[in-house]
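Chain by chain, the residues:
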Amino acid sequence: MSLPTVLLAPHGPRVSPVIAGCWRMGEWNQTAAPRLGWIEQALDLGLSTFDHADIYGGYTVEALFGQALALRPALRERMQIVSKCGIRLVDARRPAHAIKSYDTSAAHVTASVDASLAALGCGHLDLLLIHRPDALTDPDELAEVCQRLRQAGKVRHFGVSNHRPSQLAMLHRRLPLVTNQIELSPLQLAALDDGTLDQCLDLGLRPMIWSPLGGGRLFSADDARAARVREVLAQLGRQHGGASVATMAFAWILRHPSRPLPLTGSGRIEALREAVAALDVRLSAEDWYRVWQASTGHEVP
Ligand SMILES: NC(=O)c1ccc[n+]([C@@H]2O[C@H](COP(=O)([O-])OP(=O)(O)OC[C@H]3O[C@@H](n4cnc5c(N)ncnc54)[C@H](OP(=O)(O)O)[C@@H]3O)[C@@H](O)[C@H]2O)c1
């Protein structure tokens, strides 16, 4: 099976409609060959876009991915690579970082992109996201360094992650952005109400969605809210040909008119398949609100 790529924003890039998140790759305890196998199987399923950040796995995941890719370098042409920068973690690999902080200065962004490219073993990133809003961002300096990275051929497109509408708008006026990567799940509804998704719709920037299954809490949490949501998703799954709770959670995200692109987080190919299966499910508006009601614990006002 293969999925056609879709436009993330009116002027690109093209990405897969479900994106393979690599945050947890370091926890999968694989050697390079099975890691390459995971990448190949994700590609065969149609997940051609891979989501990274410099800090994933304590600055290790990009290199794990790069080592696997080095076993079959031709795969690079079949994929799009997303990475992020702007967070400085305290880590033995970054001895200069004394406290956890944010940094969107030209020097940090440039050094971070160079380190990501070296770790991934790639000549360019398809998309670079500013990982978190930085209170000290100078938007003109950031826009300028991004233009330089584009001119140097190192980064093709830019976006943000976890940015409020005013923060995205400020940068978007200086540098055309293509997405806001945000958290949304049946257990995390904030983006529906705080203007984040309204802005994506308005600007035609499709949001990328992290932790679509609440980082696994949808299955593991034993509180009443999670239990209610699981129950409703399971009921809906039975009405949709026996689809799994995970598939229905992805379908709930995909139903939003901003046309979100969910990120998977699993190392299991079956879990990637469950996410892809959601592309064939369209919830009715009433069923979408059934999940909303289970999450909030009350009917709409
Ligand atoms: N921009 C940001 O600030 C930000 C923040 C967080 C994440 N992200 C990105 O978003 C991606 C996805 O986030 P996430 O990992 O939190 O996603 P998620 O899909 O909400 O959670 C994945 C976790 O749920 C577990 N899980 C349990 N049952 C599952 C099931 N039936 N199906 C699928 N997973 C199940 C997975 O374990 P198994 O592996 O055992 O399936 C995995 O540990 C990350 O890889 C990263 O690329 C971005």
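This one's a predicted model, so the numbers in the text were calculated from it and none came from an experiment. (Residues numbered from 1 in each chain as written. Predicted model: local features only at pLDDT ≥ 70, side-chain atom pairs only at ≥ 80, totals over all residues. Heavy atoms only, no water.)

### Concerning the environment of Ala 20
Then, number 1: Along the chain, the position of Ala 20 falls in strand β3 (residues 19-21).
Then, number 2: Residue Ala 20 is classed as buried on the basis of its relative accessible area, which comes to 0%.
Then, number 3: For the pair formed by Ala 20 and Ser 266, sequence separation is 246 residues and the distance between their alpha carbons is 8.3 Å.
Then, number 4: Not counting the four nearest positions on each side in its chain, Ala 20 is found in contact with Trp 38, Leu 47, Thr 49, Phe 50, Asp 51 and Thr 264. (Helix = DSSP H or I, 4+ residues; strand = E, 2+ residues; numbered from the N terminus. Buried < 20%, exposed > 50% of the residue type's maximum accessible area, 1.4 Å probe, protein only. Contact = heavy atoms within 4.5 Å.)

### Details of the pairing of strand β10 (residues 180-183)
Then, number 1: Alternating positions in β10 separate into two faces, Asn 180 and Ile 182 on one and Gln 181 and Glu 183 on the other, with burial throughout.
Then, number 2: In this sheet, β10 lies alongside strand β9 (residues 155-161) in parallel orientation, the contact comprising two bridges. Of the residues in β10, the one forming a bridge with Val 160 is Asn 180.
Then, number 3: Judged from the three bridges that link them, β10 and strand β11 (residues 208-210) form a sheet pairing that is parallel. (Pairing = 2+ DSSP bridges.)

### Section: the packing of helix α4 (residues 106-120) against helix α5 (residues 139-151)
Then, number 1: At a closest axis distance of 9 Å, the pairing of α4 and α5 adopts a crossing angle of 30°. One way to sum up the angle between α4 and α5 is to call them roughly parallel. In the packing of α4 onto α5, the handedness of the crossing is right-handed. Listed contacts from α5 to Ala 106, Val 109, Thr 110 and Val 113 of α4 are Glu 141, Leu 142, Val 145, Arg 148 and Leu 149.
Then, number 2: Of the residues that constitute the contact of α4 with α5, the class distribution is six nonpolar, one polar and two charged. (Axes fitted to C-alpha atoms, helices over the stretch in contact; angles between N-to-C directions. Parallel < 35°, antiparallel > 145°, perpendicular 65-115°, else oblique. Left-handed = near helix turned anticlockwise from the far one by under 90°. Nonpolar A, V, L, I, M, F, W, Y, C, P; charged D, E, K, R; others polar.)

### A few points about the side chain of Asp 54
Then, number 1: Its location among the elements puts Asp 54 in the loop between β4 (49-51) and α2 (56-59).
Then, number 2: One buried charged side chain, Asp 54, makes no salt bridge at all; its nearest oppositely charged neighbour is Arg 94, positioned 5.8 Å away.
Then, number 3: A polar side-chain atom of Asp 54 sits 3.1 Å from a polar atom in the side chain of Ser 112.
Then, number 4: Among all residues touching Asp 54, those that are not within four sequence positions of it are Tyr 59, Glu 62, Ser 83, Lys 84, Cys 85, Gly 86, Ile 87, Ser 112 and Ser 116. (Lys, Arg positive; Asp, Glu negative; His and termini not counted. Salt bridge = Lys/Arg side-chain N within 4 Å of Asp/Glu carboxyl O. Polar contact = N/O pair within 3.5 Å; in protein donor to acceptor, adjacent residues only side chain to side chain.)

### Regarding unusual backbone geometry
Then, number 1: Going from Gly 12 to Pro 13, the amide bond is cis rather than trans, its omega being 0°.
Then, number 2: Take Pro 13: it is sitting in the loop between β1 (6-7) and β2 (14-15).
Then, number 3: Positive phi outside glycine occurs at Asn 162, with the angle close to 60°.
Then, number 4: Tracing the chain through its elements places Asn 162 in the loop between β9 and α6 (165-172).
Then, number 5: The class for Asn 162 is buried, based on a relative accessible area of 17%.
Then, number 6: Located in the positive-phi region is Ser 211, a residue other than glycine, with phi close to 45°.

### A short note on α5
Then, number 1: The end-to-end C-alpha distance of α5, which contains 13 residues, comes to 18 Å, matching closely the 18 Å that a straight helix rising 1.5 Å per residue would cover.
Then, number 2: Residues of α5 that are buried: Pro 139, Leu 142, Ala 143, Val 145, Cys 146 and Leu 149. What you see down the axis of α5 is that its buried residues fit within an arc of 165°, all on one side.
Then, number 3: Buried positions along α5 lie against α4, β8 (125-130), β9 and α6.
Then, number 4: Two or three places before Asp 140, at the start of α5, stands the capping residue Asp 138, its side-chain oxygen 2.9 Å from that residue's backbone nitrogen.
Then, number 5: Positioned one or two residues after α5, Gly 153 has a phi angle of 80°, which is positive. (Expected span 1.5 Å × (residues − 1). Arc of directions from axis to C-beta.)

### A word on the site of the ligand
Then, number 1: Around the ligand sit 28 residues, and of these Arg 24, Asp 51, Ser 211, Gly 215 and Ser 266 come closest.
Then, number 2: Between His 131 and the ligand, the recorded distance is 3.4 Å, taken from a side-chain N or O atom to an oxygen atom.
Then, number 3: Measuring from a nitrogen atom of the ligand, one finds a side-chain N or O atom of Gln 181 at 2.9 Å.
Then, number 4: Contact with the protein chains removes 85% of the 910 Å² of surface that the ligand exposes when unbound.
Then, number 5: Secondary-structure elements contributing two or more residues to the shell around the ligand are β12 (261-264) and α12 (269-277).
Then, number 6: By residue class, the composition of the shell around the ligand is nine nonpolar, 13 polar and six charged. (Near = heavy atom within 4 Å. Areas by Shrake-Rupley, 256 points an atom, 1.4 Å probe, with all protein chains shown as cover.)

### Notes on the pairing of strand β5 (residues 80-85)
Then, number 1: Within β5, six of the six residues are buried, which leaves the element mostly enclosed by the surrounding structure.
Then, number 2: Judged by which residues are buried, β5 turns out to be covered on both faces: Gln 80, Val 82 and Lys 84 on one side and Ile 81, Ser 83 and Cys 85 on the other are all buried.
Then, number 3: Pairing between β4 and β5: three bridges, direction parallel. Bridge assignment links Asp 51 to a residue of β5, and that residue is Val 82.
Then, number 4: Sheet analysis places β5 next to β8, joined by four bridges and oriented parallel. Residue pairing across strands places Cys 85 opposite Ile 130, the latter belonging to β8.

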